[in-house]
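Secondary and tertiary structure notes
Here are the chains, one letter per residue:
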2 protein chains.
Amino acid sequence: MKFSKKSEYALRALIELTGQYGQPPLQRHEIAKRQQIPIEFLEQILLTLKNAGLLGSRRGVTGGYSLIKPPQDITLGQVIRILDGPLAPIGCVSKTAYQKCSDCPYSEKKNCPIQNAMLGVRNAIADILDNYKLSDFASGHCKRAHA
Amino acid sequence: MKFSKKSEYALRALIELTGQYGQPPLQRHEIAKRQQIPIEFLEQILLTLKNAGLLGSRRGVTGGYSLIKPPQDITLGQVIRILDGPLAPIGCVSKTAYQKCSDCPYSEKKNCPIQNAMLGVRNAIADILDNYKLSDFASGHCKRAHA
DNA sequence: TAAAACTTGACTAATTCAGTTTAGAATGAA
DNA sequence: TTCATTCTAAACTGAATTAGTCAAGTTTTA
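This structure is a prediction, so every number in the text was calculated from the model and none was measured.

About the thresholds
Residues numbered from 1 in each chain as written. Chains lettered and ligands numbered in written order. Predicted model: local features only at pLDDT ≥ 70, side-chain atom pairs only at ≥ 80, totals over all residues. Heavy atoms only, no water. Contact = heavy atoms within 4.5 Å. Buried area = accessible area lost by both parts, 1.4 Å probe. Salt bridge = Lys/Arg side-chain N within 4 Å of Asp/Glu carboxyl O. Polar contact = N/O pair within 3.5 Å; in protein donor to acceptor, adjacent residues only side chain to side chain. Helix = DSSP H or I, 4+ residues; strand = E, 2+ residues; numbered from the N terminus. Domains from an automatic or database assignment. 1 Å grid on protein atoms, 1.4 Å probe; cavity = no way out; pocket = protein on both sides within 12 Å on 5 of 7 lines; lining within 4 Å. Points joined across faces, edges and corners; volume = space filled by probe spheres on them. Nonpolar A, V, L, I, M, F, W, Y, C, P; charged D, E, K, R; others polar. Near = heavy atom within 4 Å. Pairing = 2+ DSSP bridges. Buried < 20%, exposed > 50% of the residue type's maximum accessible area, 1.4 Å probe, protein only. Least-squares fit on C-alpha atoms with pLDDT ≥ 70 in both.

Counting residues at the interface gives 39 residues for chain A, matched by 39 residues for chain B. Here chain A meets chain B over a buried area of about 3,500 Å², counting both sides, of which 67% is carbon and sulfur. Of all residues in chain A, the largest losses of buried area upon contact with chain B belong to M1, F3 and D103 of chain A, amounting jointly to 20% of the total for that side. At the junction of chain A with chain B, the criterion picks out 0 salt bridges. Between the two partners, chain A and chain B, sit 2 residue pairs in polar contact (both at pLDDT 80 or more). If you list the elements that add at least two residues to the side of chain A that touches chain B, you get α1 (5–19), α2 (28–35), α4 (76–84) and α5 (113–129) of chain A. For the side of chain A that touches chain B, the element with the most residues is α5 of chain A, which contributes 11 residues.

Right under this line is the structure:
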């Protein structure tokens, strides 16, 4: 049940880019230095975030990466799904990437105990991460979903 | 952020063993058949649960596995931790297996945004799974932690 | 005593993780 | 124009994990 290093690095990079929002782009080596991330690995991650539509980039001497949307329009849930896939701890309770379980004897019926339990877990995780905005995240405010 | 097949099979095996609590032990092939789990893999899992103190076993013709404690004294959190390790999505917010992050620039200070966010996630997961008893689980009651 | 059952440990194929390497294409300052 | 700087893209790698499988036991009891 761990998030990958990719997700962690992505979030750390996004903290830097949030601080830079509205200003000139930030270069990968600057992000790598500030957050102590191996630069080649960071590159891969920034590319993924760019292809997912979160970042824009510019090449050349004054180039770099920048947020394409305001930080309050991006949630941690979005970021983590891009890098680690669905939040659900088991395929049959995922809302964004549902997968029927093949072997479970309860599969077709509605009363699968595992599904009951895991749906609760997936909702709890999503409630937090899908309501946690990059703006709150970067500023250190621990905004709770329903507190 | 997925639970492993081991955890899933363990929970499914424990549903069967909960139904059998107080009666003669259940044999691995019977569990494997009812829950459609590869028997050699199931064996490995039952052994792990036994070594963790959740199950007892008896060899020989009338042998099998059985719960060693009443089903209301075992939580899903316990089971999953045995097979998949800590529930926390990142080492530095685990209560049962804390690990300092080595590279995070916030490491020593108390205001790490990642820690803030991930601690919320770990607590939400633990609140559910550590309050979900095997007895509720097997009977299909969706007992919520604070609902 | 032999079949049924658990025990242990080694083995393996496939996938994922965490990066590294290499080669290239765009930009803009000199 | 040229050249250093920056991003782009894809292949590659070593280690670890996952999901099983296999083989060779030991124990129990009908």
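Text resumes after the structure shown.
On to the domain arrangement of chain A, then. Its domain assignment divides chain A into domain 1 (5–67) and domain 2 (86–139). The C-alpha centroid of domain 2 of chain A is placed 29 Å from the C-alpha centroid of domain 1 of chain A.

Scanning all chains against the criterion turns up 1 cavity of 30 Å³ or more. Space inside the largest cavity adds up to approximately 40 Å³. Looking at the largest cavity, the residues that line it are E8 and R12 of chain A together with I90, C92, C101, C104, C112, I114 and Q115 of chain B. Only α1 of chain A together with α5 (113–129) of chain B provide two or more residues apiece to the lining of the largest cavity. Class assignment for the residues of the lining of the largest cavity results in 6 nonpolar, 1 polar and 2 charged.

The next thing to look at is the protein's contact with DNA strand C. Near DNA strand C lie 24 residues; those nearest to it are Q27, R28, K50, S57 and G64 of chain B. In the model, a phosphate oxygen of DNA strand C is placed 3.1 Å from a nitrogen or oxygen of the Y9 of chain A side chain. One of the side-chain nitrogen or oxygen atoms of R59 of chain A is found 3.2 Å away from a base nitrogen of DNA strand C. At the level of secondary structure, the elements contributing two or more residues to the surface near DNA strand C comprise α1 and α3 (39–51) of chain A together with α2 (28–35), α3 (39–51), β1 (55–58) and β2 (64–67) of chain B. Grouping the constituent residues of the surface near DNA strand C by class yields 6 nonpolar, 10 polar and 8 charged.

Turning next to the pairing of β2 of chain B. Residues and elements named next belong to chain B. Alignment of β1 against β2, held across 4 bridges, turns out to be antiparallel. Residue L55 lies in a different strand from β2, and its bridge partner there is L67. Connecting β1 to the next strand, β2, in antiparallel fashion are 5 residues, including G60 with a positive phi near 85°.

Attention now moves to the pattern of salt bridges. All names here are of chain A. Tallied over the full model, the rule gives 12 salt bridges over all chains. One salt bridge connects E8 with R12, and the closest N-O pair in it is separated by 2.6 Å. One end of the pair, E8, and the other, R12, are both in helix α1, 4 residues apart, so they sit about a helical turn from each other. Its relative accessible area of 0% is what places R12 among the buried residues. Residues joined in a network through salt bridges with shared partners are K5, E8 and R12.

Right, let's talk about the relation of the copies chain A and chain B for a bit. Mapping chain A onto chain B calls for a screw motion: a turn of 180° about the axis and a shift of 0.0 Å along it, with 0.0 Å RMSD after fitting. Read as a symmetry element, the transformation amounts to a two-fold axis. Rotation axis and chain A: the residue whose C-alpha lies nearest the axis is M1 of chain A, separated from it by 2.3 Å. A shared binding surface is used by both copies, with 100% of the interface residues of chain A retained as interface residues in chain B.

Attention shifts here to the side chain of T18 of chain A. Residue and element names in this part refer to chain A. The topology assignment puts T18 in helix α1. T18 sits in the buried class, given a relative accessible area of 13%. The residues touching T18, leaving out its near neighbours within four places in the chain, are L67, P71, L134 and A138.

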